Amino acid sequence: MDTAKLERITATAWRIPPHDGMHVPGIVYADEYLIADMDDKVCQQVCNVAKLPGIVEASYAMPDAHWGYGFPIGGVAAFDPEAGGVVSAGGVGFDISCGVRTMLTGLPANRVVEVRDTLADALYAEIPVGLGSTGHLHVVGEEMDAMLLGGARWAVEQGYGDAADLERIEERGRMAGAEPATVSDRAKTRQRDEVGTLGSGNHYLEVQQVAEILLPDVAEVFGLREGDAVVTIHCGSRGLGHQIGTEFLREMVETAGEHGIALPDRELACAPIESALGRRYLGAMRAGINCAFANREVIGHLARQVFARVLPEARLDLLFDVSHNTCKEEAHPVAGESAARRLFVHRKGATRAFGAGDPALPEPLRAVGQPVLIGGSMGTASYVLVGTPRDGGHAFRSACHGAGRALSRHAALRRWRGRDIVNDLEQRGIAIRSPSMRGVAEEAPGAYKDIDAVVEVAERAGLARRVARLTPMICVKG
DNA sequence: ATGTTC
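Chain A is annotated in an unreviewed UniProt entry as tRNA-splicing ligase RtcB from Ferruginivarius sediminum. As recorded by UniProt, the Sequence similarities (unreviewed entry) comment attached to chain A reads in full: "Belongs to the RtcB family." Recorded in UniProt for chain A, the comment headed Subunit (unreviewed entry) runs: "Monomer."

What follows is the structure, encoded as structure tokens:
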């Protein structure tokens, strides 16, 4: 990216002054290396978001930001409904509530190494993965609506997962305000056999080891011990979220003019939060969040079943479950103001990162802050961070979500072959199981930014602090 | 991300 038009405000933050109709500045969190590699289109998208009605404080991009549909992936933007603020389907993304959960085995990683291939095969056999994969459940009619209302709570009621998990999920496993009636029959039909499936793309289940502890006191509260094995699941709301996104995006494009909104890019289609369409989207999007909660809860249960057979001493207690693609109603002080405002915070490829003392956090996490789970690319490290207490002017208590793509899927396909990637990783002791060698090539580690650099910048920028670095042993890949 | 172009 050409940094000539950017003001460097700290070692890890760049400001784009408002111009050409931007209501607020853009802020990009990056060091000189990450900003140099970031696509100019990220800045353009940050600026476009800053032109939307009712945006407050700034249009943000996290250190892992890359080009996305309308909003950048790694984008954070908050809107005030009292100031004509909008909600945008493209600002949430197609994979509503795509997110990550990490579960603690309580066992040293060498116990996994001893049974690695057996465990990898069993996980791959039991956990549905890949494009169009179908699951163990068939959810229709009133059950579908109950799932969309109940989220992970519904899954637990169905016998998938444990009630103790619920405290360790954002919104305690159930997003309030979901309106299943606003979700189309087509979206529900697409989902009826997909609950409890991993999906494709960058989604995965990994068995990882805690390679390094960076913040011992917090790691202890989180239950992370150096050398232990953990299980991390990354997936979202599958066909249902995608269908909701597709339908509302179209409707928001068609009605933007009626709402008096001039779109800088049709991919930024949006509706006033206080409009009928805005409220309807929020009801459907929240149902999509519950779908993702239920999905990850069911997959977590399937993983526990596999471990119970292959490695029965493993506990698989849930550390936490975070969403990366949401629009949430939250109270935040805007920079320069003392009182908090009621805002609708879009996080697209970004993680909520609440600090110690936040009442949204359950005990004992409230004492230290929210676990911020950063999913790495296939074969590379992942991180557990912890949210930091912050006031206004700091991305509405958000952090990055992953490594972030450096190359497009298309470019990755030209450069790598899936089989070679699998062999290379096997040489390094990492077992990959995937139905799609094309998918593996698209997800080649070299197609992503350096996650160590991304989280270091996130920490230096004050977005979150590093607690533990995780490295993969087994990856079941979509 | 996605029954990878209703």
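A.B. asks: Is there a simple way to explain the environment of Ile-289 in this structure?
C.D. replies: Counting through the fold element by element, Ile-289 comes out in helix 11 (residues 276-310). For the pair formed by Ile-289 and Gly-54, sequence separation is 235 residues and the distance between their alpha carbons is 24 Å. Contacts of Ile-289, omitting those with residues within four sequence positions, involve Ile-96, Ser-97, Met-175, Thr-326 and Lys-328.

A.B. asks: Help me out: how do you make sense of the side chain of Lys-449 in this one?
C.D. replies: Turning to its location among the elements, Lys-449 is positioned in the loop between helix 14 (437-442) and helix 15 (451-460). Buried charge Lys-449 goes without a salt bridge, the closest partner of opposite sign being Asp-37 at 7.4 Å. Within the structure, Lys-449 has its side chain in polar contact with the backbone oxygen of Ala-65 (distance 3.1 Å). Leaving out residues up to four positions away in the same chain, Lys-449 has contacts with Leu-34, Met-38, Pro-63, Asp-64, Ala-65, Ala-403, Gly-404, Arg-405, Ala-406 and Val-454.

A.B. asks: Quick question: what am I supposed to make of the UniProt feature "active site" (unreviewed entry) in chain A here?
C.D. replies: Per the UniProt annotation, the sites labelled "active site" (unreviewed entry) are His-401. Position of His-401 relative to the elements: it lies in the loop between strand 17 (398-399) and helix 12 (409-415). The buried category is assigned to His-401, whose relative accessible area is 15%. What His-401 contacts, discounting residues up to four positions off in sequence, is Asp-64, Ile-73, His-324, Gly-349, Ala-350, Thr-351, Leu-373, Ile-374 and Gly-375. Among the polar contacts made by the side chain of His-401, one reaches the side chain of Asp-64 at a distance of 2.5 Å.

Thresholds, definitions, all that
- Residues numbered from 1 in each chain as written.
- Chains lettered and ligands numbered in written order.
- Predicted model: local features only at pLDDT ≥ 70, side-chain atom pairs only at ≥ 80, totals over all residues.
- Heavy atoms only, no water.
- UniProt positions renumbered as here; feature names shortened; annotations may be inferred.
- Helix = DSSP H or I, 4+ residues; strand = E, 2+ residues; numbered from the N terminus.
- Contact = heavy atoms within 4.5 Å.
- Buried < 20%, exposed > 50% of the residue type's maximum accessible area, 1.4 Å probe, protein only.
- Lys, Arg positive; Asp, Glu negative; His and termini not counted.
- Salt bridge = Lys/Arg side-chain N within 4 Å of Asp/Glu carboxyl O.
- Polar contact = N/O pair within 3.5 Å; in protein donor to acceptor, adjacent residues only side chain to side chain.

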